[in-house]
Amino acid sequence: MRQLNYTRADTTAQAIAAYGQAGEQARYIAGGTTLYDLMKLGVEQPLHLIDISDLRGNDRIDTTGDRLFFGACARMADVAENPVVRRDYPVLAESLSKAASQQLRNMASIGGNLMQRTRCPYFRNGAHGVFPCNKREPGSGCAAIGGIDRGQAVLGTSSACTAVSPGDWPVALTALDATIELAGPTGTRSVPIAEFYLLPGSTPQREFAIRPGEIVTGISVPKTPAGRRSTYHKVRDRESYAFALASAAVALTLERGTITTAHVALGGVGTRPWRARETEALLQGKRPTRDAALAAARAAFADARPGQHNGFKIELGARTVADAVVIAAGRTA
Amino acid sequence: MNQSEPTAFEITRRETLQVGAAAGAVSLIPEARANPPSVTPVSTTENGPTVPISARINGSSVLLQIDARASLLDMLRERLGLTGAKKGCDHGQCGACTVHLDGRRITSCLTMAAKVDGREIVTIEGIADGDTLHPMQQAFIDHDALQCGYCTPGQIMAAIACVKEGHATTRDQIREYMSGNICRCGAYVGIVAAIEDAAAKMRRA
């Protein structure tokens, strides 16, 4: 690991000023569960760390208005355990409680979690790894394509990158149309989550629509009656503490047993949190039977492009969505 | 609790800067208590920019300068002689390094030492009451909840937190909330039984 300077900021303004002084070799660090991990692997090599994990007032969780608001410094465990979130938005609570371990959920911030980097083993192979990675070293090539690609994405891939977007929380937020609040050297702005995550295309090193020096300060989610009939369903290689092979965030409203609104997003299968608009449209007006849900779910994978070892994700992904629809529909509004 | 002011071995930030950023200093002053944990302060030469740390570890005030890159785990093991927390994967995946930071369980390998300035840490060395083991330690012995023992300090620290969080009410819940602690010997049956047993005793205490 390279030598570095460490500064702790008390306010967002202080942090942004410190970044301005330190320059582009600086990184903000919150919980550090991704960044420090990647520094140990040599994938990230910052010269300055600006600690933003305890910015004053930035861990606020507010469920009182017409939007849910989560301060970026709130820990994953705190949001997962929030009683209002658990009762009214189980999709959000479950996306956090089914992620990582309790130790990591106590450390990781919900703002930093938005920017978790991929678990692609070729990306994590290290600064001097023998395998090329366009995300780690632009232009070097992609060893995952044609390589051991069991965990790679089947949706949103490009000839430069097939790495899966690793998060669960971002998938749930995508289903519920969250907005990301940012603060930076030129002021504050809000970005819809659908625009926050970039497809890899020919620039897989660019993953987030965040500008140099910007900080995620909060996440807001419009309240919806679909929140109560919602779930985050996650299928993993082991039952707990693993990344998703396929996951689905589903939130529904029903009237007389028929789906009137459906929010569906997929994890574990896409290069970014994947909104399944086709599936949502097909679920509209249907009864939430598993067959109807499975037919609708398959539409999300119409454009899927499997590699050598990950074709199973197309069927697994569709079944995961179908199960999630049945689970969500079974909940009480 | 009686807060003692650290004096011995203390080196100020200015003095440290004067002797160069490479100098490291540690002071650890145990408070008056029945059986203070045995610690061996170690000075060392750091080869990068350092940060000052003032923290409370197992009830003792600690002052030291440490390389800004260091993990809390390395600080505990290499600088403070607290070798109970173990380095398993060093990537937050195995839980062997679990300690409590401000009362919450965390992996000390993925926590930068710089982050613990002004905070309170409890390690496996700090949970017994004198010669009386913590109920969780005793339960691990009673239920044969280990084979090689390498993961055990992390298991016990995670288990104590698991009970305090209210996540040890059923066997399924214990398994779920202990999933961040890997035991390669496969002593899971004993571990779950130990936590169930200790949880009941901790709730009564």
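In the block above lies the structure referred to throughout.
On a predicted model such as this, the values are computed, not experimentally measured, just so you know.

Participant: Explain the pairing of strand 8 (residues 215–222) of chain A to me, using residue names and the numbers behind them.
Facilitator: Residue and element names in this part refer to chain A. Within strand 8, seven of the eight residues are buried, which leaves it mostly tucked inside the rest of the structure. Here strand 5 (residues 67–71) runs beside strand 8; their pairing, made up of five bridges, is antiparallel. Its bridge partner being in strand 8, G71 is matched across the sheet by G218. Pairing analysis gives five bridges linking strand 6 (residues 179–184) to strand 8, with the strands arranged antiparallel. Looking at strand 8, one finds that T179 is bridged to S220.

Participant: Any details on the pattern of salt bridges? Residues and values, ideally.
Facilitator: Under the criterion given, the structure shown has 32 salt bridges over all chains. For D90 of chain B, the salt bridge identified is with K40 of chain A, shortest N-O distance 2.8 Å. In this pair, D90 of chain B sits in the loop between helix 2 (72–79) and strand 4 (98–101) while K40 of chain A sits in helix 2 (residues 35–41), so the two residues belong to two different chains. Under the relative-accessibility criterion, D90 of chain B is labelled buried at 19%. Since its relative accessible area comes to 22%, K40 of chain A is described here as partly exposed. In this structure, the salt-bridge partner of K87 of chain B is D74 of chain B, at a minimum N-O distance of 2.9 Å. Of the two residues, K87 of chain B is situated in the loop between helix 2 and strand 4 and D74 of chain B in helix 2; the sequence distance between them amounts to 13 residues. Judged by its relative accessible area of 31%, K87 of chain B falls in the partly exposed class. Classification of D74 of chain B as partly exposed rests on a relative accessible area of 24%.

Conventions and cut-offs
- Just so you know, the residues in each chain are numbered from 1, in the order the chain's sequence is written.
- Chains and ligands are labelled sequentially in the order written, the chains with letters from A and the ligands with numbers from 1.
- Side-chain atom pairs in this predicted model are given and counted only at pLDDT of 80 or more, local residue features only at pLDDT of at least 70, and totals for whole chains, interfaces and linings cover all residues.
- Hydrogens and water are ignored here; the side-chain numbers use all heavy atoms of the structure.
- Relative accessibility under 20% of the residue-type maximum defines a buried residue, over 50% an exposed one, and the middle range a partly exposed one, all with a 1.4 Å probe and only protein chains included.
- For helices the rule is a DSSP run of H or I covering at least 4 residues; for strands it is a run of E covering at least 2, with both sets numbered from the N terminus onward.
- Two strands form a pair only when DSSP identifies at least two bridges running between them.
- Salt bridges are identified by distance alone: a Lys or Arg side-chain nitrogen within 4 Å of an Asp or Glu carboxyl oxygen.

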